[in-house]
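Observations on chain architecture
Below, each chain spelled out in residue letters.
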Amino acid sequence: MDNSTVSEMPAASEEISDETVRELLGMSEEDFNYLLNEISGKISRRDTFMRKAFTAKERLIVTLRFLATGESFMALASLYDISASSIRTIIPEVCECLIKSLKRYVQFPPSETGWLRVSEAFQDRWQFPHAIGVIDARHVKIRKPLHTDKDYLNYKGFYSIVLLAVVDASANFMYVCVGGKGSIADGGMLRNASYHSKFEHHELNVPPPAVLDERHAVKIPYMLLGDKSFLFTEYCIRPFGGHLKPDSPESTFNYRMSQARTPAAVAFDGLCSRFKIFGTIINLQPDKAGKVVMAAVYLFNFLRRKNTTEETLGCGKGVPDSSYILPRLQSKPIKPASRLANIRLQIANYMMENGCLE
């Protein structure tokens with residue numbers, strides 16, 4: 001922080017307590033101290049002859065409270081005796097450090113074995129074969145960008161950035177991509193996410209296609225579960241369209257897929273429940289708002305999975321980090337290629353034969 005910024009600050013108050021913030025987030029003292037230890041050296045600032053700098057602990061507490069409550073900068077300034085302009089600067093800086101320190105908590109599996117565990121969990125919990133994640137997206141409200149970029153104005157009439165996520169069977173985030181302009185469709189986000197080309201070029205150690213059982217000769221790829229807004233590709237499957245007959249294989253498939261996509265709704269609901277910032281309009285420009293959103297996701301996984309093994313968390317080379325992007329709109333094919341359509345029908349028939357609705 002430069003001297004001009006510090007000189008505008010009021011004198012730092014005595015170090016503030018973390019207890020209230022920890023209660024708001026359901027965070028243990030051990031968790032808080034771990035975070036503080038991880039980022040303290042990166043967010044600390046030196047005192048000057050004019051002002052005493054706010055401590056790393058104060059910076060972390062203010063940021064966590066902002067995420068937990070969504071309170072305005074003015075409300076936080078009144079509560080912690082830190083100027084609103086300083087808080088506006090502090091929060092994105094702390095969020096960026098949290099993202100870097102916690103990135104291992106939001107990772108794709110680094111090996112075939114890890115992906116197979118994800119797929120087995122979907123099979124066991126949701127009776128959906130060869131699923132390796134649910135892909136979904138949510139709009140996050142932001143203030144009107146400077147110079148009024150209408151691309152951030154979504155179809156619901158408010159300004160937003162898009163949070164695209166891939167979630168496992170237990171509602172943990174495996175990957176997030178933040179920053180898509182609100183007017184852009186979910187499919188456009190997928191085509192520009194950092195993992196897209198790695199999936200297409202088979203660089204993520206996803207297991208090769210395999211038969212569903214000994215009765216079926218067609219090899220089925222391991223795929224993400226998307227809704228109708230996503231492209232139907234080698235690695236992302238979506239429901240059948242059109243009017244379907246009840247109790248048909250296609251209807252059975254769509255019902256089971258809808259159930260198997262539940263973890264995404266659970267993850268997004270849990271994120272919004274713990275971090276009330278998602279129920280407000282984030283009063284930052286898109287790039288900084290994106291850092292706030294990503295930090296909340298990383299903290300969400302950290303608080304749920306801090307005891308997970310390194311292998312499960314994923315630390316392999318070539319695994320793409322979650323990303324902040326401003327994607328372009330991409331066109332979507334109206335109908336899937338015949339081979340992909342056949343794969344989907346094979347899964348539908350398999351479900352019908354094995355009574356997956358029971």
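Bear in mind that the values here come from a model prediction, so they are computed numbers and not experimental data.

Rules used in this analysis
- Residues numbered from 1 in each chain as written.
- Predicted model: local features only at pLDDT ≥ 70, side-chain atom pairs only at ≥ 80, totals over all residues.
- Heavy atoms only, no water.
- Helix = DSSP H or I, 4+ residues; strand = E, 2+ residues; numbered from the N terminus.
- Buried < 20%, exposed > 50% of the residue type's maximum accessible area, 1.4 Å probe, protein only.
- Contact = heavy atoms within 4.5 Å.
- Areas by Shrake-Rupley, 256 points an atom, 1.4 Å probe, with all protein chains shown as cover.
- Salt bridge = Lys/Arg side-chain N within 4 Å of Asp/Glu carboxyl O.
- Phe/Tyr/Trp six-rings, centres within 6.5 Å; stacked < 30°, edge-to-face > 60°.
- Lys NZ or Arg CZ within 6 Å of the ring centre and 35° of its normal.
- pLDDT = per-residue confidence, 0-100.
- 1 Å grid on protein atoms, 1.4 Å probe; cavity = no way out; pocket = protein on both sides within 12 Å on 5 of 7 lines; lining within 4 Å.
- Points joined across faces, edges and corners; volume = space filled by probe spheres on them.
- Nonpolar A, V, L, I, M, F, W, Y, C, P; charged D, E, K, R; others polar.
- Pairing = 2+ DSSP bridges.
- Core = buried A, V, L, I, M, F, W, Y, C linked by side-chain atoms within 4.5 Å.
- Domains from an automatic or database assignment.
- Axes fitted to C-alpha atoms, helices over the stretch in contact; angles between N-to-C directions.
- Parallel < 35°, antiparallel > 145°, perpendicular 65-115°, else oblique.

1. Regarding the overall build of the protein
From N to C terminus, the protein includes 14 helices and eight strands. Looking at the 358 residues of the protein, the share that counts as buried comes to 52%. Looking at the protein alone, contacts between residues at least 24 apart form 72% of all its contacts between residues at least 6 apart. On the protein, roughly 16300 Å² of surface is accessible, and the fraction owed to carbon and sulfur atoms is 49%.

2. Considering the side chain of Gln285
Along the chain, the position of Gln285 falls in the loop between α11 (262-274) and α12 (286-305). The residues contacting Gln285, other than those within four sequence positions of it, are Arg143, Lys144, Pro145 and Leu146.

3. Regarding the environment of Ile282
Along the polypeptide, Ile282 turns up in the loop between α11 and α12. A residue is classified by how much of its surface remains accessible, and Ile282, at 0% relative accessible area, is buried. Considering only alpha carbons, one finds Ile282 and Ser72, 210 residues apart in sequence, at a separation of 8.9 Å. Setting aside residues no more than four positions away along its own chain, Ile282 makes contact with Val140, Lys141, Ile142, Arg143, Ile277, Ala289, Val292 and Val293.

4. Regarding the pattern of salt bridges
Tallying each qualifying case throughout the model produces eleven salt bridges. With a closest N to O distance of 2.6 Å, Arg22 and Asp18 form a salt bridge. As a salt-bridge pair, Arg65 and Glu71 come within 2.8 Å of each other at their nearest N and O atoms. Each of Asp136, Arg138, Asp227 and Arg261 takes part in one network of salt bridges that share partners.

5. Focus: the packing of aromatic side chains
Counting across every chain of the model gives twelve aromatic pairs. Among the aromatic side chains, those forming a connected cluster through ring pairs are Phe108, Trp115, Tyr175, Phe199 and Tyr235. Cation over ring: Lys141 sits above Phe158, and NZ or CZ is 5.1 Å from the ring centre.

6. Section: the confidence of the model for the protein
For the protein, the mean per-residue pLDDT works out to 84, and 80% of the residues sit at or above 70. Taken as a whole, residues 1-14 scores under 50 in pLDDT and shows 27 contacts with residues more than four places along the chain or in a different chain. Scored below 50 in pLDDT, residues 325-334 shows 31 contacts in the model against residues more than four places distant or in partner chains.

7. Concerning unusual backbone geometry
In the Ramachandran plot, Ala171 falls in the positive-phi region, its phi being about 65° despite a non-glycine side chain. Tracing the sequence through the fold places Ala171 in the loop between β2 (160-167) and β3 (173-181). Positive phi is not limited to glycine here, since His202 has a value of about 55°. The topology assignment puts His202 in the loop between α9 (196-200) and β4 (210-211). When its relative accessible area of 70% is taken as the criterion, His202 is described as exposed.

8. Concerning the layout of surface pockets
Roughly 260 Å³ of volume is contained in the largest pocket. Around the largest pocket, the lining is made up of 18 residues, and of these Phe199, His202, Val206, Pro207 and Pro209 lie nearest the centre. Breaking the lining of the largest pocket down by element, the ones donating at least two residues are α9 and α14 (338-353). Among the elements that take part in the lining of the largest pocket, α9 stands out by supplying three residues, more than any other. Its residues placed into classes, the lining of the largest pocket shows ten nonpolar, two polar and six charged.

9. Topic: the pairing of strand β1 (residues 131-141)
Burial analysis of β1 places eight of its eleven residues in the buried class, the great majority of the element. One ladder, built from two bridges, connects β1 with strand β6 (residues 223-225); its direction is parallel. Opposite Val134, over in β6, you have Leu225 as the bridge partner. By the bridge criterion, eight bridges tie β1 to β2 in an arrangement that is antiparallel. By the bridge assignment for β2, Ile135 is matched with Val166.

10. Observations regarding the nonpolar core
Judged by nonpolar contacts, the single largest core of 66 residues is most densely connected at Leu60, Leu163, Phe173, Val176, Leu271, Phe275 and Val292. It is α12 that provides the largest number of residues to this core, a total of twelve residues. Taken domain by domain, the makeup of this core includes at least three residues from each of domain 1 (18-104) and domain 2 (106-306 + 337-352). Look past the residues within four positions of Leu271 in its chain and what remains in contact with it is Leu163, Phe173, Phe278, Ala296, Val297 and Phe300. Counting residues in each nonpolar core, the second largest holds 44 residues, with Leu224, Ile237, Ile347 and Tyr350 among its members.

11. What to know about the packing of helix α10 (residues 249-260) against α14
Where α10 contacts α14, the two axes come as close as 8 Å, and the packing angle between them is 90°. Regarding the angle of α10 to α14, the classification is roughly perpendicular. Across the interface between the two elements, Pro249, Glu250, Thr252, Phe253 and Arg256 of α10 pack against Arg344, Leu345, Ile347, Ala348, Asn349, Met351 and Met352 of α14. In terms of residue class, the contact of α10 with α14 is made up of seven nonpolar, two polar and three charged.

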